[in-house]
Amino acid sequence: MNFLALGVIFFVFFVFVMTIFLASRYKRCPSNQVLAIYGKVGRGQSVKCYHGGGAFVWPLIQDSQYLDLTPMTISIPLKGALSLQNIRINVPSTFTIAIDTSQDSMINSAVRLLGLSTEEIERMATEIIFGQLRLTVASLRIEDINQDREKFLQAIRNNIEPELKKIGLTLINVNITDITDESGYIEAIGKKAAAEAINKAKVEVAEQERFGAVGEASAVREKEVQVAEQEAQMAMGQKAAERDQRITVSKYEAEGASGEASALKEKEIAIAAQAAKTQQGKKEAEKEQRVVIAQLESESVEGENKSKANIAKYNATLQEAEADAKRRGEIAIATAQRDVLRAEKEAEVALLEKQELARQEVEKKRVEVQAEAEAEKIRRVARGEADAIVAKYNAEAKGVQAVLNAKAQGYKDLFLAADEQKHLVPTMLMIEKINEIVKLQTEAIKNIKIDKVTVWDSGNSEKGSSTANFLSSMVKSLPALQDISKMAGIDLPDYLGKVAENSNPASDKRSDTQKDK
């Protein structure tokens, strides 16, 4: 039992010691650090990196160290950097870098930065950034650097990030504070951009003012139209309300008069009925009295006859009262009916007047709107016709200008083609018009009607026929082409022909032309 208890105690102690040992060798990695385990970590590997979580570090064959992920800010006062245009500029900037957490970058940072202080890492990154920043500036124009900052920053990232990843760093942020140059080129660009922006703003302000004026005029016109419509509707509604009021008042007055007459009639009828009942009761009492008296004094015939006479008198009075009450009732009904008819007539007249007034108002509004629309149509048609006339005259002017330009160019080419014989140019132009000249000469004699020609021929063949001489003379009466050309100062060539001169005119020729109409 003692050995068994010792074995159990030893086993528990061993488990406890191993637990403490393993716990001491288990390294946990915080979120702001990278755990680098180096030593014998695997075939072909010199280090293993962990970001988050943890791993066992075996004694004797392995060891571990942490890399801080806190961002580092580096100021780069770059001065005199040569741009693509060979202009030196100053680009002061601030870069924020940190150790990258991708697997390859963590291995690169563990291989190249493990054991270095923060100042040493910043110094190494500064040298890399200086060189790549100069390279980036040299590949861009000043306009791209100064105006398109996004493109400039992207170029910086493209050049610097690959170099930083080689040592396990990443570029978090780039801040360009200001870009200057000693030659004043950037300032001149800024002044030019400011002037262009000011001019553009002035143009936009003028455009907006024009739009505002047009919109204001349109809004005023719409406001006036809507106000007129609302006033018309308000007037129509007011007149309709007045009409309804008059009709209602007339109706109530008629009902009141009718009710009053009916009440008066019922009152008179009730009074007459009560009077009749009173008289009837009185007569019944008298009748009973007379019966008693007749029974008591049956012998008094004279008294009975007098009572009968009184009864007849009372009956006549009752009938007269009833007839008078009936007459007054009928008169009251007739008067009420007359008042009702009169009220209905006034209501109908008021309704017709209201409808006629409303119709006239609507017609007046329609005429005004139609007149305004017709005037607007006339203005637009006149404006369109004026534009069409202007466009027509512009087109005609352009056509005439084109024809004149073409003629001028043709004359110029003709003179150039004539070279040294420019005196032939008028002759060539005259030749083009020969057809028209001949046509005009033909038109001159085309419509001459010669019904009869009598010629006395001398028969002298040596001097020529008289008929031939007559025709030659008639042809000579027309201007010859050569003469017309000479008037214009142009000599036609000989191959166009000449009119032969008659050296021996016939003295004994006689011709007579007679027209019989």
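Values in this document were obtained by computation on a predicted structure and should not be read as measured data. (Residues numbered from 1 in each chain as written. Predicted model: local features only at pLDDT ≥ 70, side-chain atom pairs only at ≥ 80, totals over all residues. Heavy atoms only, no water.)

(A) Structural detail: the sheet that holds strand 5 (residues 62-68). Across the sheet, which stays open at both edges, the three strands sit in the order 3-2-5 with antiparallel pairing between neighbours. Across the chains shown, the open sheet's two edge strands, defined by having one partner strand only, are strand 3 (47-50) and strand 5. Between one strand axis and the next, the sheet turns by 25° as a mean value, whatever way the strands run. Across seven bridges, strand 2 (residues 33-39) lies against strand 5 in antiparallel orientation. Each residue of the ladder has a partner; that of Tyr38, found in strand 5, is Asp63. Strands strand 2, strand 3 and strand 5 of the sheet are contacted by helix 2 (residues 103-113), whose axis makes an angle of about 125° with strand 3. (Pairing = 2+ DSSP bridges. Helix = DSSP H or I, 4+ residues; strand = E, 2+ residues; numbered from the N terminus. Axes fitted to C-alpha atoms, helices over the stretch in contact; angles between N-to-C directions. Contact = heavy atoms within 4.5 Å.)

(B) Looking closely at the side chain of Asp100. Here Asp100 is to be found in the loop between strand 7 (88-99) and helix 2. For Asp100, the side chain forms a polar contact with the side chain of Ser102, separated by 3.2 Å. Asp100 has contacts with Ser105, Met106, Lys165, Gly168, Leu169 and Thr170, leaving out every residue within four places of it along the chain. (Polar contact = N/O pair within 3.5 Å; in protein donor to acceptor, adjacent residues only side chain to side chain.)

(C) View of the pairing of strand 6 (residues 72-82). Note that strand 6 and strand 7 share nine bridges and pair antiparallel. Bridged to Leu78 within strand 7 is Val91. Counting the residues that bridge the hairpin from strand 6 to strand 7 gives five residues, and of these Asn86 lies at a positive phi of roughly 60°.

(D) Helix 2, seen in detail. By the burial criterion, the buried members of helix 2 are Ser105, Met106, Ser109, Ala110 and Leu113. What you see down the axis of helix 2 is that its buried residues fit within an arc of 140°, all on one side. Of the residues one or two after helix 2, Gly115 is the one with positive phi, at around 95°. (Buried < 20%, exposed > 50% of the residue type's maximum accessible area, 1.4 Å probe, protein only. Arc of directions from axis to C-beta.)

(E) Structural view of the packing of helix 3 (residues 118-138) against helix 5 (residues 149-165). At a minimum axis distance of 9 Å, the contact between helix 3 and helix 5 shows a crossing angle of 140°. In this view, helix 3 runs oblique relative to helix 5, as classed from their interaxial angle. Relative to helix 5, helix 3 is oriented so that their crossing is right-handed. Here Ala125, Ile128, Ile129, Gln132, Leu133, Thr136 and Val137 of helix 3 come into contact with helix 5, specifically with Phe152, Ala155, Ile156, Asn159, Ile160, Glu163 and Leu164. For the contact of helix 3 with helix 5, the class distribution of residues is 10 nonpolar, three polar and one charged. (Parallel < 35°, antiparallel > 145°, perpendicular 65-115°, else oblique. Left-handed = near helix turned anticlockwise from the far one by under 90°. Nonpolar A, V, L, I, M, F, W, Y, C, P; charged D, E, K, R; others polar.)

(F) View of helix 3. Between the first and last C-alpha of helix 3 there are 30 Å, a value that for 21 residues agrees with the 30 Å anticipated at 1.5 Å per step. Among the residues of helix 3, those classed as buried are Ile121, Ala125, Thr126, Ile129, Gln132, Leu133, Thr136 and Val137. Each buried residue of helix 3 sits inside an arc of 160° when the element is viewed along its axis, so together they form one side. Where helix 3 is buried, its residues meet strand 6, strand 7, helix 2, helix 4 (142-147), helix 5 and strand 8 (169-176). (Expected span 1.5 Å × (residues − 1).)

(G) Highlighting the nonpolar core. By size, the foremost hydrophobic cluster in this structure holds 41 residues, and its most contacted members are Ile89, Phe95, Ile97, Phe152 and Leu169. Counting six residues, the second-largest nonpolar core is a separate cluster that includes Cys29, Ile37, Ala55 and Val57. (Core = buried A, V, L, I, M, F, W, Y, C linked by side-chain atoms within 4.5 Å.)

(H) Region of interest: the side chain of Thr136. In this structure, Thr136 sits in helix 3. Separated by 2.7 Å, the side chains of Thr136 and Asn159 make a polar contact. For Thr136, the residues in contact, after removing those within four places along its chain, are Phe152, Ala155, Ile156 and Asn159.

(I) How the structure looks around the pattern of salt bridges. Counted according to the given criterion, the structure contains eight salt bridges. Between Lys165 and Asp100 there is a salt bridge; the shortest N-O distance is 2.9 Å. Taken as a pair, Lys165 in helix 5 and Asp100 in the loop between strand 7 and helix 2 lie far apart in primary sequence, 65 residues in all. For Lys165, a relative accessible area of 34% corresponds to the partly exposed category. When its relative accessible area of 11% is taken as the criterion, Asp100 is described as buried. Here Glu363 makes a salt bridge to Arg366, at a shortest N to O gap of 2.3 Å. Of this pair, Glu363 and Arg366 both sit in helix 7 (residues 301-418), three residues apart, roughly one helical turn. With relative accessibility at 33%, the residue Glu363 sits in the partly exposed group. Here the residues in one salt-bridge network are Glu376, Arg379 and Arg380, joined through shared partners. (Salt bridge = Lys/Arg side-chain N within 4 Å of Asp/Glu carboxyl O.)

Interpretation note: all reported values are geometric properties and have no functional meaning in isolation.
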